[in-house]
Amino acid sequence: MALADGSGRRVAFVGMYLDRVARSPDAPFAGAWGNFGRAAAAARRAGARLTMVQAAWEDAEREIEGVPCCFIRERGDPFIRLPGGRAVRRRPQRLLERVSALAPELIHLEGLLLPREVRALAAAFPRVPILAQDHGTKCPQGWRRWWYRWGFAPLAGVAFTARAQAQPFVAAGILRPNLPIFEVMEISSPFTPGDQTAARSATGLEGDPCLLWTGNLDANKDPLTILTAVGRVASDLPGVRLHMCFRHAPLLDAVRMRIAADPALASRVRLLGEVPYTEIETYYRAADFLVQASHVEGSGGALIDALACGTTPLVTDIPSFRRITGDGACGGLVPLDNAAAFADAIRDWSRRDRPTLRRKAREHFERELSFDAIGRQLCTAYDALL
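Described below are features of the structure shown in this document.

### Things to note about the sheet that holds strand S13 (residues 269–273)
Ordered in space as S13-S12-S11-S14-S15-S16, the six strands form an open sheet in which the pairing is parallel. Whereas interior strands pair on both sides, the edge strands pair on one side only; in this sheet they are S13 and strand S16 (332–334). In this sheet, neighbouring strand axes are inclined to one another by 20° on average, regardless of whether the strands run parallel or antiparallel. Pairing between strand S12 (residues 241–245) and S13: four bridges, direction parallel. Paired with His-243 across the bridge in S13 is Arg-270. Sheet strands in contact with helix H13 (residues 339–350) are strand S11 (210–214), strand S14 (289–292), strand S15 (312–316) and S16, and its direction is about 165° off that of S15.

Spelled out as structure tokens, the structure:
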């Protein structure tokens, strides 16, 4: 492949989204944004000659694992303020000038959210192919479909976690039917496996099997289906325990009521609340299985974190989860809204050799989900478009 043998093309890795919180250029390198730029760095290691250009509230130059990162502030107010508190983004002239100075042969655009900005980018670089990478955008409805169709018409290609995620956009006429679609993982994880016994001692997690939930308690994540499944397996797996970590919890009262109403759950489910991301790695290491019943996800950060630690996911059969688990090769896939099927999956996977599962989970992560894997996937897409 041309990009992998040292003859990489010049790629501008562009982020046009302007953070409304007005964080400083150093903020993306800490906390939940700690992996900012690591996919770009992986593409560089795979052969691309890559520079990042990011819209920001102040100018700055940084370097991420060898990749130059230029934070660009526009002159004056970057927004046109309208009556009623609305604001429209101005043409990002200084950002476009910085991209132009790079003389890119390809532009990698982060996100499928900004139709006007895509048109501005395409108008400024009419002969440069633009690859836009989705980050969990919901397919727009109503008149916004026309707006997105107009904005994304110049794209040379798009990248989704799973190819099937592009189909609603194609069906709605937002993306043209012949537009090249590439499968590229949206995110990866810095986590690593560790000693499970030590992790259980540190976290207090227990159970045989030990099930871990890391997600909001909301209708999309569907914690009630998981609770019902755990209740169903309690007689066959009396040692089962479910530990639930969450931040936002609109269904917390319903979850508590379900636990209180079922004696099989009352002694087997622990509601742990929020665990900082800097600490959650140890919880994944302690668990046997991650359980999630999501209806829709753009990617699956929790699954990727779990597999990085060697923890097998038991999750719903949706496109992104199917892709992350290798079509179920390294995790159970269960139909939506099906507690009985989840119970069967818990029973089935609990009978399997767990050290073997942990080894296979980590091997799958390194091969398909690591940052180096993302770098290879990106370079394949770049090479195809060039």
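### Overview of the packing of helix H11 (residues 301–308) against helix H14 (residues 354–369)
Closest axis-to-axis distance for the H11/H14 pair is 7 Å, and the angle between their directions is 120°. One element, H11, and the other, H14, form an angle in the oblique class. Contacts between H11 and H14 involve Ile-304, Leu-307 and Ala-308 from the first element and Ala-361, Arg-362, His-364, Phe-365 and Leu-369 from the second. For the contact of H11 with H14, a count of residues per class yields six nonpolar, one polar and one charged.

### Some remarks on the sheet that holds strand S1 (residues 10–15)
Reading across the sheet, the eight strands line up as S3-S4-S2-S1-S7-S8-S9-S10 and stay open at both edges, with mixed pairing between neighbours. The open sheet has two edge strands, strand S3 (60–64) and strand S10 (181–183), and neither has a second partner. Taking each pair of neighbouring strands and ignoring which way they run, the sheet shows an average axis angle of 25°. Two elements, strand S7 (residues 106–110) and strand S8 (residues 130–133), share four bridges in a ladder whose sense is parallel. Counterpart to Glu-110 in the pairing with S8 is Gln-133.

What counts and what doesn't
- Residues numbered from 1 in each chain as written.
- Predicted model: local features only at pLDDT ≥ 70, side-chain atom pairs only at ≥ 80, totals over all residues.
- Heavy atoms only, no water.
- Pairing = 2+ DSSP bridges.
- Helix = DSSP H or I, 4+ residues; strand = E, 2+ residues; numbered from the N terminus.
- Axes fitted to C-alpha atoms, helices over the stretch in contact; angles between N-to-C directions.
- Contact = heavy atoms within 4.5 Å.
- Parallel < 35°, antiparallel > 145°, perpendicular 65-115°, else oblique.
- Nonpolar A, V, L, I, M, F, W, Y, C, P; charged D, E, K, R; others polar.

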